[in-house]
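# Coordinates in review
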Amino acid sequence: FGGAYFRFMRQRDFQADERPPVRTLSDPDLAYVALRVRQVHDFWHVLFNCHTDVVGEAALKVVEFAQTAMPMTGLAVLAAELRLEGPRRQLLNRVYVPWGVRAGGKSADLVTLYYEREFGRPLDELRALWRIECAPAS
C-alpha cells in the first residue's frame, strides 16, 4: 500500500502535507475530522483505483458522500456535473455514481482508519480487509 501511495503521489507531484487547515469550522474536533477527510482523499484514490480527472474525482466524491454524508462532497459531485458534457457526464451518471454509492456503502468506515500503519501491507490484502470495490475501468 505504501509503495502504491508513493507512486501515486510522485506521478502527480503531490505532497502529503500540502492540505491547508480547515478554517470554516469553529469546533476543533469537527475541524480535525474535516482535515482528516481531506488528508485521506489521496489514500482513497489508491485504494479505489480512481483517476484524478474530473470524472475520477467526482466518482471518489460519491464514495466520500456515501461514507461521510458531508454536504461538501455532494456539492463537489454537482459541480462536476456542471463541468462535464455529453458522454463524460453520462459516464459519470451511469457508471461511476452507482459504483460510488455501492462502493462507499459497503466499505469499512474509512475515515476512522489509521492508514499510515498499513503502508507495509499488500494493497490487495487491504482492499479485501476493508471491502474496497475498485472503480470500473474507464
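Below, the structure is looked at part by part. Owing to the predicted nature of the structure, the values given are computational and were not obtained by experimental measurement.

Parameters at a glance
Residues numbered from 1 in each chain as written. Predicted model: local features only at pLDDT ≥ 70, side-chain atom pairs only at ≥ 80, totals over all residues. Heavy atoms only, no water. Helix = DSSP H or I, 4+ residues; strand = E, 2+ residues; numbered from the N terminus. Rg over C-alpha atoms; globule rule 2.2 N^0.38 Å. Buried < 20%, exposed > 50% of the residue type's maximum accessible area, 1.4 Å probe, protein only. Areas by Shrake-Rupley, 256 points an atom, 1.4 Å probe, with all protein chains shown as cover. Core = buried A, V, L, I, M, F, W, Y, C linked by side-chain atoms within 4.5 Å. Expected span 1.5 Å × (residues − 1). Contact = heavy atoms within 4.5 Å. Salt bridge = Lys/Arg side-chain N within 4 Å of Asp/Glu carboxyl O.

Of the regular secondary structure elements, the chain holds six helices and zero strands. The order of helices and strands in the chain, counted from the N terminus, is α-α-α-α-α-α. The C-alpha radius of gyration computed for the chain amounts to 15 Å, which stays within 12% of the reference 14 Å derived for 138 residues, consistent with globular compactness. By principal-axis analysis of the C-alpha atoms, the chain measures approximately 40 × 40 × 30 Å. Looking at the 138 residues of the chain, the share that counts as buried comes to 41%. Summed over all atoms, the accessible surface of the chain reaches about 8000 Å², with 55% contributed by carbon and sulfur.

Trp 44, Leu 47, Phe 48, Trp 99, Leu 110, Tyr 115 and Trp 130 are the most contacted members of the largest nonpolar core, which has 39 residues in total. Looking at this core, the elements with two or more residues in it are helix 1 (2-12), helix 2 (28-48), helix 3 (54-68), helix 5 (86-106) and helix 6 (123-129). No other element matches helix 2, which puts 10 residues into this core.

Take helix 3 next. In a regular helix each residue adds 1.5 Å, so 15 residues correspond to 21 Å; helix 3 covers 20 Å between its end C-alpha atoms and thus fits that length. In this structure, the buried residues of helix 3 make contact with helix 2, helix 4 (71-83) and helix 5. Of the residues flanking the end of helix 3, it is Ala 69, one or two places downstream, whose phi is positive at about 60°.

It is worth spelling out the pattern of salt bridges at this point. In total, this model carries eight salt bridges according to the counting rule given. When the shortest N-O distance is used, the salt bridge between Arg 127 and Asp 124 registers 3.6 Å. Taken together, the residues span about one helical turn, with Arg 127 and Asp 124 both in helix 6 at a distance of three residues. By relative accessible area, Arg 127 is classed as buried at 14%. Taking relative accessible area as the criterion, Asp 124 reaches 57% and is therefore assigned exposed.

Any link to function would need more than the numbers given here.
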